[in-house]
Every structure is written in C-alpha cells, then in structure tokens.
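Coordinate analysis (summary)
Here is how the chains run, residue by residue.
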Amino acid sequence: MDIAKHSPTTELLLKASSQDNPLTWPLLSLLEDQPQHWKVHYLVTALREKGLLQALDEDENKDLFKRNFLTMNALYQLQLMLLPNQWLQVQAMDIFLSRSVPSHVELELQHDVALRDYYLDWDNYDTSGDLIREMLKSFWHKYNDYIGETSPTVGREHALEVFGLDSDASSRDIRKRWRKLALQHHPDRTGGDATKFKQACRAWQTLRIE
C-alpha cells in the first residue's frame, strides 16, 4: 500500500519531509532495541544521555516544550516513514513499535491527526526558521559524531551517485531517497549496513546543505 496515494495523509507526509529531524535515527535505534513500553519523557531522557539532545532554551518550561516537540516531531516522521511495513504507535504515554500494521491504518492515522499535524508543523516550534535550521545543523553534527562519521562531505556528483539519482533530481526526490536509504541501511535494522548508512549520511549532508 502506498500511503501517499491511498490515504488522506498526503499533506502530512509532505510536512514530514519539509525538515529532516536527525533525532529520527537514534529514536529508531531505541525502538528497535526495546519496541514497547516507552513514554515520551523516557525517550527524551535516553536522547539526553546519548548527548543528542541538550538544553534548547534558558527558560526551563520552554526547554521542556522544545525537547518534547522535537522528539514528537521525529516520532511522527518515523511513524509515516515505516509504513506500510511496520506500525509505530505514537502516544505520549504509550509508544511502541510493531511489525503488525493495523488493517485499517488510514483510520488509525486519523485518530490523532490534529496532534500529528501540530508536531509536524515547524512553525509551532517557538523560534524563527533560521534558528531551526541552525539547531538541526547542530544536531546533525552531534549525530555524525555519535555514529562515528567524521569524514568530510562529498561532492554533489558523488552524493547523487550514492543516492542513485540524476543531476536534475528535485529536492523532494532527494529527501525521499535519503529516507529510503536510511531506513534500509540503518545498522539496527535486520539486514542493515553501518558502512552504507554512513555513506548515505555523508551524501545527505552535501545534498541537504544545497
């Protein structure tokens, strides 16, 4: 099933692709390692312990909101990206990963569509667009350090070759291929390949910046 074509969530899919959240991949690792019984604040704590989610605001309440926003944003992105092969339930106090996808997944997605729509809309993160981009850039650097990817970014031609795309590929095509490769090669997934995952990350760094 192609969710983008056969469900009313096409607009959400486009929003999920508007800004790639690097917290998505460490969250996938946590969920693959422990598929059930997560609460959002447990995930936030785990990300902080890995050094991937540091203080985001001097105000304690705003800092808590921003950390939760980024975590929920990444979870909702991951939920859509894993379909139709896996189901990620995203509720603040009940987060789990399952290989059993609900038979009426479109209806399941509609149950919390307003909340998903809110967290996928970067305008709801209390800062400017430029600051969001700088924040995500900083996160990518932290994540590259975390996975041991210290090689410099590659040229655009080589990056497109890694992605298997032509030189006239659109931004949307590039984001779509990046997500596909990242899910396919993520080292915590069955059949994953850490080397290919790092190569994809390096290529994405080049194409994302452009």
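Residues numbered from 1 in each chain as written. Predicted model: local features only at pLDDT ≥ 70, side-chain atom pairs only at ≥ 80, totals over all residues. Heavy atoms only, no water.

Observations concerning the overall build of the protein chain
Counting its secondary structure elements, the protein chain contains 11 helices and two strands. Along the protein chain, from the amino end to the carboxyl end, the secondary structure elements read α-α-α-α-α-β-β-α-α-α-α-α-α. The 210 residues of the protein chain split such that 45% are buried. In the protein chain, 66% of the contacts between residues at least 6 apart in sequence involve partners at least 24 apart. Carbon and sulfur atoms form 46% of the exposed surface of the protein chain, whose accessible area is close to 11000 Å². (Helix = DSSP H or I, 4+ residues; strand = E, 2+ residues; numbered from the N terminus. Buried < 20%, exposed > 50% of the residue type's maximum accessible area, 1.4 Å probe, protein only. Contact = heavy atoms within 4.5 Å. Areas by Shrake-Rupley, 256 points an atom, 1.4 Å probe, with all protein chains shown as cover.)

Re the environment of N68
Within the element layout of this structure, N68 appears in helix α5 (residues 60-82). Classification of N68 by relative accessible area gives partly exposed; the value is 21%. Residues N68 and Y119, 51 residues apart in the sequence, show an inter-C-alpha distance of 9.6 Å. If we skip the residues at most four places from it in the chain, N68 touches V40, V44 and Y119.

Focus: the packing of aromatic side chains
Enumeration according to the criterion identifies 13 aromatic pairs in this entry. With a centroid separation of 5.5 Å and an interplanar angle of 5 degrees, the aromatic rings of W178 and W204 are classed as stacked. Residue W178 is found in helix α10 (residues 171-185), and its partner W204 is found in helix α11 (residues 194-209); the two are separated by 26 residues along the sequence. Each of the two residues, W178 as well as W204, counts as buried. Among the aromatic residues, those joined into a ring-pair cluster are W25, W140, Y143, Y146, W178, F197 and W204. (Phe/Tyr/Trp six-rings, centres within 6.5 Å; stacked < 30°, edge-to-face > 60°.)

With respect to the side chain of R189
Along the polypeptide, R189 turns up in the loop between α10 and α11. Discounting chain neighbours no more than four positions away, the residues touching R189 are L28, E32, L82, Q86 and L183.

Details of the nonpolar core
Side chains of a nonpolar character, in soluble globular proteins, are inclined to be buried together. Judged by nonpolar contacts, the single largest core of 60 residues is most densely connected at W25, L75, L88, F163 and W178. Looking at which element gives the most residues to this core, the answer is α5, with 10 residues. Not counting chain neighbours up to four residues away, the residues in contact with F163 comprise I174, R177, W178, L181, A200, A203, W204 and L207. (Core = buried A, V, L, I, M, F, W, Y, C linked by side-chain atoms within 4.5 Å.)

Describing the environment of K180
Inspection of the secondary structure puts K180 in helix α10. On the accessibility criterion, K180 (55% relative accessible area) is exposed. Sequence separation between K180 and L82 is 98 residues, and the spatial gap between their C-alpha atoms is 9.5 Å.

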